[in-house]
Amino acid sequence: MFHSLQALCFQCRAVGEARAGYKVERAQRGGRRRRAEEGSPESNSGKSPGREERRAVARRNAALLGRVSFLPSLPGARSQERAQQQAGGFSKGFCAPARLVGAPGSELPPTPGDSAREAPGGPMEKLKLREPPPLRASANYNCYGPAEKPPTAPGRPGEASARGPKAPESWKEERTRSEEDNELHLPSLTAAYGTILRALGEDPQRQGLLKTPWRAATAMQFFTKGYQETITDVLNDAIFDEDHDEMVIVKDIDMFSMCEHHLVPFVGKVHIGYLPNKQVLGLSKLARIVEIYSRRLQVQERLTKQIAVAITEALQPAGVGVVVEATHMCMVMRGVQKMNSKTVTSTMLGVFREDPKTREEFLTLIRS
């Protein structure tokens, strides 16, 4: 409080000195004007009378006013002009609020005891206020500059890390869950299903629902067990060198997956064909690859491509074709409720995409 009162007194004194300087300058200017009208020899000099003195007085007044910093800094030329106009009103008796102690441009001469009060933990430490950041003249994000972006929420440094685990660098390193994770999270998952039952108006304690939360939790872990498996685990050295360059097709592979939008199943069949390149894969492994990617929260389009890419990276064949036909319960049990609708997606890589004859042969064989 004492420091604030001292700052206010110093500011008032600076304003008084500035006004006095302005009055002295005005009186000198009037005297020179009278001498010029009376024909004083000073008016016949080569340069304007009193120019250097007026500049010196103006510099002194500007220095006095600058030490007080009455107005906060405003961005832009218009804001500066407005600040100058307001500063010009001091001679008419108007006084704008002074800056708080400690703000930039408002430093005052130190007084005895200031160092003790300003020290960390001192009585003035809690009274200091931070100056708000200056506004931006133009902004793309409300109050942020054109080159800035709003800060992300805690725990969200970036879009990639904010949406779950970091994407694996290779198809061989996709495991995001383990058996230990299942055991660790089973109690919380069971409690969550109990909460769902209560929210639906049911009594989880009645006889038919006593073990339902636990059963639902273990079932959901089984429906998504593809998260705890990798292609490396499934292939198990089942890639064999073989001089065979004709098409290999495994069709009508049963598939069960979970729609990630509504958490209801979609079921169907998968047809896989590939052209070997000196290597073949055990036939059962194609079905296991389907099992890995279907036992996850999925959309059919991504599922189709993941199967094709995994086979391509594992075998390096001349080409791969994958077709998935499925019925989605989110279209049958809810929403439009179309009982007989089917969704067909395909992914063609290598010669299956580039050669129309190879693609037509594959599509003909899976329809037969």
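Just above sits the structure.
Analysis parameters
- Residues numbered from 1 in each chain as written.
- Predicted model: local features only at pLDDT ≥ 70, side-chain atom pairs only at ≥ 80, totals over all residues.
- Heavy atoms only, no water.
- Helix = DSSP H or I, 4+ residues; strand = E, 2+ residues; numbered from the N terminus.
- Buried < 20%, exposed > 50% of the residue type's maximum accessible area, 1.4 Å probe, protein only.
- Contact = heavy atoms within 4.5 Å.
- Areas by Shrake-Rupley, 256 points an atom, 1.4 Å probe, with all protein chains shown as cover.
- Pairing = 2+ DSSP bridges.
- Salt bridge = Lys/Arg side-chain N within 4 Å of Asp/Glu carboxyl O.
- Axes fitted to C-alpha atoms, helices over the stretch in contact; angles between N-to-C directions.
- Parallel < 35°, antiparallel > 145°, perpendicular 65-115°, else oblique.
- Left-handed = near helix turned anticlockwise from the far one by under 90°.
- Nonpolar A, V, L, I, M, F, W, Y, C, P; charged D, E, K, R; others polar.

Caption draft 1: Highlighting the overall build of the protein chain. Helix and strand content of the protein chain: 13 helices and 7 strands. Out of the 368 residues belonging to the protein chain, those deemed buried represent 32%. In the protein chain, of all internal contacts separated by at least 6 residues, the share reaching a separation of at least 24 is 68%. As displayed, the protein chain has an accessible area near 24,400 Å², and 56% of this comes from carbon and sulfur atoms.

Caption draft 2: Spatial organisation of the pairing of strand S6 (residues 319-328). Of all 10 residues that make up S6, 9 are buried, and the element is covered over most of its length. Bridging between strand S3 (residues 265-275) and S6 involves 10 bridges; their strand directions are antiparallel. Looking across to S6, one finds that His-271 is bridged to Val-323. Where S6 lies against strand S7 (residues 343-350), 8 bridges are found, and the strand directions are antiparallel. Bridged to Val-323 within S7 is Ser-346.

Caption draft 3: Spotlight on the sheet that holds strand S2 (residues 248-259). In spatial order, the strands read S5-S2-S3-S6-S7; together these 5 strands make up an open sheet with mixed pairing. Each edge of the sheet is formed by a strand with only one pairing partner; in this case those strands are strand S5 (297-298) and S7. Here 2 bridges tie S2 to S5, and the two strands are oriented parallel to one another. In the sheet register, Cys-259 faces S5, and the bridge partner there is Gln-298.

Caption draft 4: Looking closely at the pattern of salt bridges. Enumeration according to the criterion identifies 6 salt bridges in this entry. Here Arg-206 makes a salt bridge to Glu-202, at a shortest N to O gap of 2.9 Å. On the basis of relative accessible area, Arg-206 is assigned to the partly exposed category, the value being 39%. Exposure remark for Glu-202: the relative accessible area of 35% places this residue in the partly exposed category. Within the structure, one salt-bridge network assembled from shared partners comprises Lys-225, Glu-291 and Arg-295.

Caption draft 5: Representation of the packing of helix H6 (residues 179-199) against helix H7 (residues 212-223) within the structure. Packing of H6 against H7 brings their axes to within 8 Å, and their N-to-C directions diverge by 125°. The orientation of H6 relative to H7 falls into the category oblique. In the packing of H6 onto H7, the handedness of the crossing is right-handed. Only Thr-212, Pro-213, Trp-214, Ala-216, Ala-217, Thr-218, Met-220 and Gln-221 of H7 make contact with H6, whose side of the interface consists of Asn-182, Leu-186, Leu-189, Thr-190, Tyr-193, Gly-194 and Leu-197. Considered class by class, the residues forming the contact of H6 with H7 number 9 nonpolar, 6 polar and no charged.

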